[in-house]
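Now for the letters of each chain:
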Amino acid sequence: MSICVLAERYGVKGQTLRKQCKEKISDYRNWDQLEHAHDYLLYPENIGENLSLDETCLSNGDVYTILTNKAAKGRKGALVAMVRGVATDAVSGILRRLPHRKRLSVKTVTTDLSSAMMLTVRKVFPAAKLINDRFHVQQLMSEAVDRLRICYRWEVLDAENQAIREHHQKKKEAKSKAERERIEKWEPERMENGENLPQIVSRSKHIILKHWSKWNEQQKARAAILFDKFPKLPEGYSLSMKLTDIFNKKSGPDEARLNLARWYNEVEKFDYMEFNKVLDTFSNHSTTIINYFEERLTNASAESFNAKIKAFRSQLRGVADGNSSCSDWLGYTLKRKLANRENPLTLTHLVKPKVNRPIRRIKKGATFYRNSLILIRWGSGIRTHAPLLPKQTPFY
């Protein structure tokens, strides 16, 4: 429910209620990180032994670096730091403000394959083991296979355009009207599943990005035609799936290193430019990739946390005040205050209602319910616009 809908329900102006929520209800003005919230947020108390470092683009092209604690699993206490920008010097300068002893207590930090992010980890957490997220490593290989599919797609489109041009030219060269009429309209060749080849190639992206065991019947039929027409594509797909199987197998670092070496040899024999670039990346980050098989930690918790932030913004249809939205993310929300039993909340009538509704005064400390909510602040005395129903479930 949006704040405008809530205001309309209780007969007050939406803009007034929005302002009261920001200035009075949320304690936004008393937030201890308000002065620098636009640039960074730090929560040293949330540091744990295993951290995740990731970047996300929230809105208007602004990229933020987010450091989270894996132990919190995206819930309360997950956020350790949030810094605007991705530059190594700027981000590491902010993260160094965390207590030195706590930074030394960090054992592992998981990142993607960004060299700048890995340099930040080495500067800020010198005692931590750096781990490259396995899903980013697999994604790199999947993108290389997809590039091969895209190359074939352009070839198919060129062949189709050439066939159309030849058909039109044949019609132009016809000497009589009867001869032109005998030339039927051009139609693309249909495959066994009813689709033409350009459609199959363009609709096969999700096929080559998924493991073959997860294909449905329609995807299996499409893959059979695709792999039959382009024999090099199933070879590249097989190499990508072999890498996935290596990561899925519960093996130690030594066994994984041997399996990856064999996989390297197969990729080199395949001899495709995009795949060779993947090998170069693997060679440059071989140590941090192998570290995954020791700890088996990923960046899934960080990705989940980033998704929650984006979902928060999308539900509000965007955020006008970024600092205020940050305070809402971090616990200055209506729901959390209502859950705080040590400091009981009270309801107060702050604005004149548009409609005449009964106003009742309730004794301090009385239980109030969901249907009586209008405006909230700390203090004494309660006023509500709606009558209380004692048999309903309390809001806290």
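Calculation criteria
Residues numbered from 1 in each chain as written. Predicted model: local features only at pLDDT ≥ 70, side-chain atom pairs only at ≥ 80, totals over all residues. Heavy atoms only, no water. Helix = DSSP H or I, 4+ residues; strand = E, 2+ residues; numbered from the N terminus. Buried < 20%, exposed > 50% of the residue type's maximum accessible area, 1.4 Å probe, protein only. Contact = heavy atoms within 4.5 Å. Areas by Shrake-Rupley, 256 points an atom, 1.4 Å probe, with all protein chains shown as cover. Salt bridge = Lys/Arg side-chain N within 4 Å of Asp/Glu carboxyl O. Core = buried A, V, L, I, M, F, W, Y, C linked by side-chain atoms within 4.5 Å. Pairing = 2+ DSSP bridges. Axes fitted to C-alpha atoms, helices over the stretch in contact; angles between N-to-C directions. 1 Å grid on protein atoms, 1.4 Å probe; cavity = no way out; pocket = protein on both sides within 12 Å on 5 of 7 lines; lining within 4 Å. Points joined across faces, edges and corners; volume = space filled by probe spheres on them. Nonpolar A, V, L, I, M, F, W, Y, C, P; charged D, E, K, R; others polar. Polar contact = N/O pair within 3.5 Å; in protein donor to acceptor, adjacent residues only side chain to side chain. Parallel < 35°, antiparallel > 145°, perpendicular 65-115°, else oblique. Left-handed = near helix turned anticlockwise from the far one by under 90°.

### Topic: the overall build of the chain
For step 1, the next point in the chain: The number of helices and strands found in the chain is 18 helices and ten strands.
For step 2, the next point in the chain: Residues counted as buried form 45% of the 396 residues belonging to the chain.
For step 3, the next point in the chain: By sequence separation, contacts in the chain at least 24 residues apart represent 63% of the contacts at least 6 residues apart.
For step 4, the next point in the chain: As presented, the chain carries roughly 22,700 Å² of accessible surface, and 50% of it is formed by carbon and sulfur atoms.

### Thoughts on unusual backbone geometry
For step 1, the next point in the chain: One non-glycine residue with positive phi stands out, namely Lys73, at about 55°.
For step 2, the next point in the chain: If you trace the backbone, Lys73 turns up in the loop between strand 3 (63-69) and strand 4 (79-84).
For step 3, the next point in the chain: On the basis of relative accessibility, which here comes to 60%, the residue Lys73 falls in the exposed class.
For step 4, the next point in the chain: Here the phi dihedral of Arg296 falls at roughly 55°; this positive angle occurs in a residue that is not glycine.
For step 5, the next point in the chain: Note that Arg296 resides in the loop between helix 15 (292-295) and helix 16 (300-315).
For step 6, the next point in the chain: By relative accessible area, Arg296 is classed as partly exposed at 29%.

### Topic: the pattern of salt bridges
For step 1, the next point in the chain: Counted by the stated rule, this structure contains 14 salt bridges.
For step 2, the next point in the chain: For Asp254, the salt bridge identified is with Arg257, shortest N-O distance 3.3 Å. With Asp254 and Arg257 both in helix 12 (residues 253-270) and three residues apart, this pair spans about one turn of that helix.
For step 3, the next point in the chain: Accessibility expressed as a relative area gives 62% for Asp254, which makes it exposed.
For step 4, the next point in the chain: Look at Arg257 and you get partly exposed, because its relative accessible area is 44%.
For step 5, the next point in the chain: Salt bridges sharing partners connect three or more residues here, namely Lys129, Glu294 and Glu295.

### Side note on the nonpolar core
What tends to happen in soluble globular proteins is that the nonpolar side chains get buried as a cluster.
For step 1, the next point in the chain: The biggest cluster of nonpolar side chains holds 44 residues, and the ones touching the most others in it are Phe230, Leu233, Trp263, Phe275, Phe282 and Phe293.
For step 2, the next point in the chain: Look past the residues within four positions of Phe230 in its chain and what remains in contact with it is Tyr152, Val156, Leu197 and Val201.
For step 3, the next point in the chain: Within the second largest apolar cluster, 22 residues are counted, among which are Val80, Val83, Leu95 and Val121.

### Remarks on the pairing of strand 5 (residues 108-111)
For step 1, the next point in the chain: Covered by surrounding structure in strand 5 are Thr108 and Thr110 together with Val109 and Thr111, the residues of both alternating faces.
For step 2, the next point in the chain: When strand 2 (residues 50-57) meets strand 5, the two strands line up parallel, connected through three bridges. Bridge pairing in strand 5 places Asn50 opposite Thr108.
For step 3, the next point in the chain: Inspection of the sheet shows strand 5 paired to strand 6 (residues 129-132) by four bridges, in the parallel sense. Bridge pairing in strand 6 places Val109 opposite Leu130.

### Details of the sheet that holds strand 2
For step 1, the next point in the chain: If you walk across this open sheet you meet the six strands as 1-4-3-2-5-6, and the pairing is mixed. Where the open sheet ends on each side, the last strands, each with one partner, are strand 1 (40-42) and strand 6. In this sheet, neighbouring strand axes are inclined to one another by 20° on average, regardless of whether the strands run parallel or antiparallel.

### Concerning the layout of surface pockets
For step 1, the next point in the chain: Its boundaries defined by the atoms lining it, the second largest pocket holds a volume of some 280 Å³.
For step 2, the next point in the chain: Around the second largest pocket sit 13 residues that line it, and Gln138, Ser142, Leu209, Lys210 and Met241 are the ones nearest its centre.
For step 3, the next point in the chain: Among the elements of the structure, helix 6 (134-172), helix 9 (205-209) and helix 11 (232-248) are those that each provide at least two residues to the lining of the second largest pocket.
For step 4, the next point in the chain: It is helix 6 that contributes the most residues to the lining of the second largest pocket, five residues altogether.
For step 5, the next point in the chain: Per-class residue counts for the lining of the second largest pocket are two nonpolar, six polar and five charged.

### Some details on the environment of Asn196
For step 1, the next point in the chain: Looking at the secondary structure, you find Asn196 in the loop between helix 7 (177-182) and helix 8 (197-202).
For step 2, the next point in the chain: Relative accessible area serves as the criterion here: at 8%, Asn196 is assigned to the buried category.
For step 3, the next point in the chain: Not counting residues up to four positions away in its chain, the partners in contact with Asn196 are Pro188, Glu189, Arg190 and Met191.
For step 4, the next point in the chain: Polar side-chain contacts of Asn196 include one of 2.9 Å to the backbone nitrogen of Gln199.

### Some remarks on the side chain of Thr110
For step 1, the next point in the chain: Its place among the elements puts Thr110 in strand 5.
For step 2, the next point in the chain: In contact with Thr110, other than residues within four places in its own chain, are Leu51, Ser52, Leu53, Lys70, Ile131, Asp133, Leu297, Thr298 and Asn299.

### Some points on the packing of helix 11 against helix 12
For step 1, the next point in the chain: Where helix 11 meets helix 12, the axes come as close as 11 Å, and the angle between the chain directions of the two elements is 165°. Comparing their axes, helix 12 and helix 11 come out roughly antiparallel. Note on packing geometry: the crossing formed by helix 11 with helix 12 is left-handed. Between helix 11, through Lys232, Glu235, Gly236, Leu239, Lys242, Leu243 and Ile246, and helix 12, the contact on the second element is made entirely by Asn259, Leu260, Trp263, Glu266, Val267 and Phe270.
For step 2, the next point in the chain: When the residues that make up the contact of helix 11 with helix 12 are grouped by side-chain class, the tally is seven nonpolar, two polar and four charged.

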